[in-house]
Amino acid sequence: MASSHVASRLLRAASWCIAAAVAAATASAIGQDNRALEQVQKYRQMLEEGNPAELSQARGEDLWATPRGPKRATLQRCDLGLGPGQLVGAYAQLPRYFADTGRVQDVESRLVTCMITLQGLSYEQAIKDWYKPDSDLEALVTYVSAKSRGTKIDVPAAHPAEAEMYAVGEALFFRRSGPLDFSCATCHSHAHRRIRLQPAPDFLTSADARSSMTQWPAYRASQGEVWTVERRLIDCIRQMRWPEPRYQSDALIALEVFLQKQASGGVMEAPSIKP
């Protein structure tokens, strides 16, 4: 009996030691994570004093006003939803339905439409190198988004085509698929989640949705370049090990409609800086 009692005491003591060690290790890991996050935030604040996205924005402004393509025309008559050449607040109201194309379009697909119709470029020419640093489309999107700084996101999704895209985007957000059985909601429907050092916003919460969507496009410090919303979505989908969607596909635009609708009322801050 005595030896059994001693063994029990030793077992309890060992369990306590293990629990204490785990707690200490966890606390240490949390402390290290918090310190790393603080350093990332300091780095971000330093960059915000001279956001590198401003270079892309300036290039986009030049591209907007420069005659190009077979028609030697500018994009100054491009209609992004508020009338030809009207840019203030336009980004904040996209994606939306356009009668001339019969499609719901985001800023990237709409700019391509303008490059084709106004400047005479082919689709392939308009999207050339869209995924490369400082591409024409990246610069144009950055410029257009900057014209909406201070305006509120307003994507009512009232047109039947917009409402349909919202429903598709919502379904895609929750759809589990791929070898990892992941969905967008796996990471983005819970509070206080993080992927490595990057906070994963909860898009089912208006505050989180606004804090994220109001900042795209953004200069990504980890990549050293500006990313548009479509590029960010494609990268998320790639990391979930889903088949990579086609650039400017209806699936991507549907997700944008859902996310922008979730962020309605948020005040645009783009182009911003992201880790």
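Since we're looking at a predicted model, the values are computed, not measured.

Between two packed helices, both the angle of their axes relative to each other and the distance between the axes serve to describe the pair. Orientation of helix α2 (residues 53–65) relative to helix α5 (residues 136–146), taken along the N-to-C sense of each, is 95°, at an axis distance of 7 Å. What the angle tells us is that α2 and α5 run roughly perpendicular. Packed against α2, whose contacting residues are A53, S56, Q57, R59, G60, E61, L63 and W64, the element α5 presents D136, E138, A139, L140, T142, Y143, V144 and A146 at the interface.

Moving on: the state of the cysteines. As enumerated under the stated definition, the model contains 1 disulfide in all. Residue pairing for C78: its cysteine sulfur links by disulfide to C114, the two sulfurs lying 2.1 Å apart. The chirality of the disulfide connecting C78 with C114 is right-handed, given an S-S dihedral of about 80°. Of this pair, C78 sits in the loop between α2 and β1 (96–98) while C114 sits in helix α3 (residues 107–117), placing them 36 residues apart in sequence. Each of the two residues, C78 as well as C114, counts as buried. Unpaired in terms of disulfides, C187 finds its nearest cysteine sulfur in C236, a separation of 8.1 Å. The thiol of C236 is unpaired, and the distance to the nearest cysteine sulfur, on C184, comes to 7.2 Å. The exposure class assigned to C236 is partly exposed, which follows from its relative accessible area of 25%.

Next up on the list: the packing of aromatic side chains. Applying the stated criterion across every chain, the model contains 7 aromatic pairs. Ring geometry for W64 against Y143: centres 6.1 Å apart, planes inclined by 55°, an arrangement best described as tilted. Within this pair, whereas W64 is found in helix α2, its partner Y143 is found in helix α5, the two being separated by 79 residues in sequence. Here the two residues W64 and Y143 agree in accessibility, since each one is buried. Measuring from centroid to centroid gives 6.5 Å for F173 and F203, while their planes differ by 85°, and the two rings are edge-to-face. Of this pair, F173 sits in helix α6 (residues 160–174) while F203 is found in the loop between β4 (198–200) and α8 (206–213), placing the two residues 30 residues apart along the sequence. On the accessibility criterion, F203 (6% relative accessible area) is buried. Every member of this aromatic cluster is reached through a ring pair, and the members are Y166, F173, F174, F203 and F258. Residue placement shows R220 over the ring face of W227; its charged tip is 4.6 Å from the ring centre.

Right, let's get into the sheet that holds strand β7 (residues 272–274). Strand order in this open sheet of 3 strands is β6-β5-β7, and the pairing throughout is mixed. This sheet does not close on itself; its edge strands, each paired only once, are β6 (225–227) and β7. Strand-to-strand twist across the sheet, computed as the mean angle between neighbouring axes with direction ignored, equals 40°. In the sheet, strand β5 (residues 218–220) pairs with β6 via 3 bridges, with the strands oriented antiparallel. Bridged to R220 within β6 is E225.

This part is about helix α9 (residues 229–239). With 8 of 11 residues buried, α9 is to be regarded as a mostly interior element. For α9, the set of buried residues is V229, E230, R231, R232, L233, I234, D235 and I237. Backbone geometry just after α9 places R241 at a positive phi near 65°.

Thresholds applied
- Residues numbered from 1 in each chain as written.
- Predicted model: local features only at pLDDT ≥ 70, side-chain atom pairs only at ≥ 80, totals over all residues.
- Heavy atoms only, no water.
- Axes fitted to C-alpha atoms, helices over the stretch in contact; angles between N-to-C directions.
- Helix = DSSP H or I, 4+ residues; strand = E, 2+ residues; numbered from the N terminus.
- Parallel < 35°, antiparallel > 145°, perpendicular 65-115°, else oblique.
- Contact = heavy atoms within 4.5 Å.
- Disulfide = S-S within 2.5 Å.
- Buried < 20%, exposed > 50% of the residue type's maximum accessible area, 1.4 Å probe, protein only.
- Phe/Tyr/Trp six-rings, centres within 6.5 Å; stacked < 30°, edge-to-face > 60°.
- Lys NZ or Arg CZ within 6 Å of the ring centre and 35° of its normal.
- Pairing = 2+ DSSP bridges.

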